[in-house]
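Observations on the three-dimensional arrangement
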Amino acid sequence: MSSNLTDLNAAKFFENLRGFKPETLPADARELLTEMARQARRSILKMTTLAASGHPGGSMSSLEFYLLVYNFANLRPGDPRWADRDRVLISHGHTSPGIYSALGHSGFLDVEQAILGFRLAGSPFEGHVERSAPGVEWDSGNLGQGLSAACGKAVAGRALGKNFHVYALMGDGEQQKGQISEARRFAMKYGFTNITGVIDLNRLQISGATKTIMPQRIAENWRSDGWNVVEGDGHDLDEMYSLLRTARNDTEKPTVILAHTIMGKGYPPIENDHNYHGAALSEERCIEALAILGNDNGAEELESLKAKRAQGVKSNLSHPPRLYPSVATGSPRTYEVDKKIDNRSAWGNALVDLAEENSPEKPNGAPMVVFDCDLAISVKTNGFADKFPELFFQAGISEHSTATTAGACRTGGGWTFMAELGG
């Protein structure tokens, strides 16, 4: 199978397996994924070495679960914006070389274009993943946002009556951020068992070991907020498949998988070396690594790719269009001079009026979701909460996460309002 592997026939192979249908990972799927991982690691190294920058370490440690999710989740490589697709949110977006390589070898995009255009001005293949790349759901940058965005996609799915699964793929260093704790409590409160988190537990970050930079009790933190916490070898395809499938079918709790991995996996000289969190290999070392990964023509290939990259890269990829629902404004309320009312109450009334005027039950209607941060009585969203409790989400004093969740919900369909005041 490995001798005639192409990205398109790989995508074709997984068509009838999506949704994690098989109880265990089929032997032929394991063989195919193993070869895909080998080729993807070569792509990661070529990409970062040509750009002389990027993050190969975490890209190589996260690769196996990237490939499993992109090939077994309900996705369509040829139709990456299919309305009923599962949503895959990448939180540690700096592992873009791993994402572009996994997507490319899974048939979503032309991997050579990603290799040539990585971190090149004018290219859609930026250093942190953005939605211009087919298969990417969320623009990344600041760490810690992925789970919040996953919650937003899950809210949108519930409001639209869609039953897709949502994956939040994260790094271990970013677990130090408080926004993630806000998001996991929100997911648990609202019963989003259709969210699965995966954490790349390579125990390293840019400055060194996570236990030195900022000690964490990752498993205990997630478990204390009610999540089902499971652990496994992040490079063992069979074990990771089993954990992902079980998590997908769990209707009691959302699940987070702690994937024990090795930074730089695949090229022994850089394995478990934090210096390659964010540093590319030299051309000499890249050629050596490519040979270890089965490519004996690495020197010639790099020279060819360098020449192509120097000519610039043209791409027709772009961010998806911003689709706004058609909003019926209805009849405005007029508050006469003898009618005393504060602005907040008028705002609360307007929310109810708009929701009623644009009910999904009406032609061209769309669900309207309101998020509140423990201010419903003050900012008068309580009227909306009383009339539309299924579309009102009380997040408590979690403004940071809620802002991301509201934004992600908006990109998922319908329209969104968030009420928050400075204290």
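For the structure, see preceding data.
Please read all numbers here as calculations on a predicted model, not as lab measurements.

Notes on the overall build of the chain
Within the chain, the secondary structure is distributed over 16 helices and 10 strands. Relative to its length of 423 residues, the chain is compact, with a C-alpha radius of gyration of 23 Å against a globular reference of 22 Å. On the principal axes, the C-alpha backbone points of the chain span a range of 85 × 45 × 40 Å. Expressed as a percentage of the 423 residues in the chain, the buried residues total 55%. Considering only intrachain contacts with a sequence separation of at least 6, the fraction spanning at least 24 residues in the chain is 76%. Surface summary for the chain: the accessible area is close to 18,200 Å², and the carbon and sulfur share equals 48%. Across the chain, 43 positive and 51 negative side-chain charges occur, with their mean positions spaced 3 Å apart.

Considering the pattern of salt bridges
Two side chains carrying opposite charge are able to pair once their charged atoms lie near each other. All told, the structure shown has 16 salt bridges when counted by the stated rule. Note that Lys-12 is salt-bridged to Glu-15, the shortest N-O span being 3.9 Å. Using a relative accessible area of 54% as the deciding quantity, one classes Lys-12 as exposed. Glu-15 sits in the partly exposed class, given a relative accessible area of 46%.

Describing the packing of helix α6 (residues 146-160) against helix α16 (residues 399-411)
Two numbers describe how α6 lies on α16: the axes approach to 7 Å, and their chain directions differ by 45°. Taken as axis vectors, α6 and α16 run oblique relative to one another. Relative to α16, the crossing made by α6 is right-handed. Where α6 approaches α16, its residues Ser-148, Ala-149, Cys-151, Gly-152, Lys-153, Val-155 and Ala-156 are matched on the opposing element by Ser-401, Thr-404, Thr-405, Ala-408, Cys-409 and Thr-411.

A short note on the sheet that holds strand β2 (residues 166-171)
Spatially, five strands are ordered β1-β2-β3-β7-β6 in an open sheet, and the strand pairing comes out parallel. Of all the strands in the sheet, just β1 (87-90) and β6 (228-233) have a single pairing partner and so form its edges. Each adjacent strand pair in this sheet contributes to an overall mean axis angle of 20°, direction not counted. With six bridges connecting them, β2 and strand β3 (residues 195-201) associate as parallel partners.

Describing unusual backbone geometry
The phi dihedral of Phe-20 falls on the positive side, at around 55°, and the residue is not glycine. Assessed through its relative accessible area of 1%, Phe-20 is described here as buried. Despite not being glycine, Asn-272 has its phi angle at roughly 60°, a positive value. The topology assignment puts Asn-272 in the loop between β7 (255-260) and α11 (283-292).

A closer look at the side chain of Thr-193
With respect to the secondary-structure elements, Thr-193 resides in the loop between α7 (178-189) and β3. Residue Thr-193 is classed as buried on the basis of its relative accessible area, which comes to 18%. Not counting the four nearest positions on each side in its chain, Thr-193 is found in contact with His-165, Asp-250, Thr-251, Glu-252, Lys-253 and Pro-254.

What about empty space enclosed by the protein?
Inspection of the entire model under this criterion finds one cavity of 30 Å³ or more. Looking at the largest cavity, its volume works out to about 60 Å³. As for the largest cavity, its lining consists of Tyr-70, Leu-75, Pro-80, Arg-81, Arg-85, Val-88, Phe-108, Gly-135, Val-136 and Glu-137. Of the residues belonging to the lining of the largest cavity, the class tally is six nonpolar, one polar and three charged.

With respect to the layout of surface pockets
Space left empty within the atom packing is revealed by a probe, the size of a water molecule, rolled over the atoms. The space that makes up the largest pocket amounts to roughly 650 Å³. If you go around the largest pocket, you meet 21 residues; those closest to its centre are Pro-321, Leu-323, Arg-410, Thr-411 and Gly-412. Residue assignment for the lining of the largest pocket shows that the elements contributing at least two residues are α6 and α16. Tallied by class, the residues present in the lining of the largest pocket amount to eight nonpolar, five polar and eight charged.

Some points on the pairing of strand β8 (residues 368-372)
Burial analysis of β8 places five of its five residues in the buried class, the great majority of the element. A two-sided burial pattern is seen for β8, the buried positions comprising Met-368, Val-370 and Asp-372 on one face and Val-369 and Phe-371 on the other. Sheet analysis places β8 next to strand β10 (residues 415-419), joined by five bridges and oriented parallel. Residue Val-370 lies in a different strand from β10, and its bridge partner there is Phe-417. Strand direction decides the pairing type here: β8 and strand β9 (residues 392-394), joined by three bridges, are parallel. The residue of β9 that forms the bridge with Asp-372 is Gln-394.

Focus on the state of the cysteines
Tallied over the full model, the rule gives zero disulfides. Looking at Cys-151, it has no disulfide partner, and the nearest cysteine sulfur is the one in Cys-409, 11 Å off.

Section: the packing of α6 against α7
Following both chains from N to C, one finds α6 and α7 inclined at 25°, their axes separated by 8 Å at the closest point. The pairing of α6 with α7 is recorded here as roughly parallel in orientation. In the crossing of α6 with α7, the sense of the turn from one axis to the other is left-handed. Residues Leu-147, Ser-148, Cys-151 and Val-155 of α6 form the contact with α7, whose own contacting residues are Gln-179, Ile-180, Ala-183, Arg-184, Phe-186 and Ala-187. Taken together, the residues that form the contact of α6 with α7 break down as seven nonpolar, two polar and one charged.

Cut-offs used in this document
- Residues numbered from 1 in each chain as written.
- Predicted model: local features only at pLDDT ≥ 70, side-chain atom pairs only at ≥ 80, totals over all residues.
- Heavy atoms only, no water.
- Helix = DSSP H or I, 4+ residues; strand = E, 2+ residues; numbered from the N terminus.
- Rg over C-alpha atoms; globule rule 2.2 N^0.38 Å.
- Buried < 20%, exposed > 50% of the residue type's maximum accessible area, 1.4 Å probe, protein only.
- Contact = heavy atoms within 4.5 Å.
- Areas by Shrake-Rupley, 256 points an atom, 1.4 Å probe, with all protein chains shown as cover.
- Lys, Arg positive; Asp, Glu negative; His and termini not counted.
- Charge placed at Lys NZ, Arg CZ, Asp CG, Glu CD.
- Salt bridge = Lys/Arg side-chain N within 4 Å of Asp/Glu carboxyl O.
- Axes fitted to C-alpha atoms, helices over the stretch in contact; angles between N-to-C directions.
- Parallel < 35°, antiparallel > 145°, perpendicular 65-115°, else oblique.
- Left-handed = near helix turned anticlockwise from the far one by under 90°.
- Pairing = 2+ DSSP bridges.
- 1 Å grid on protein atoms, 1.4 Å probe; cavity = no way out; pocket = protein on both sides within 12 Å on 5 of 7 lines; lining within 4 Å.
- Points joined across faces, edges and corners; volume = space filled by probe spheres on them.
- Nonpolar A, V, L, I, M, F, W, Y, C, P; charged D, E, K, R; others polar.
- Disulfide = S-S within 2.5 Å.

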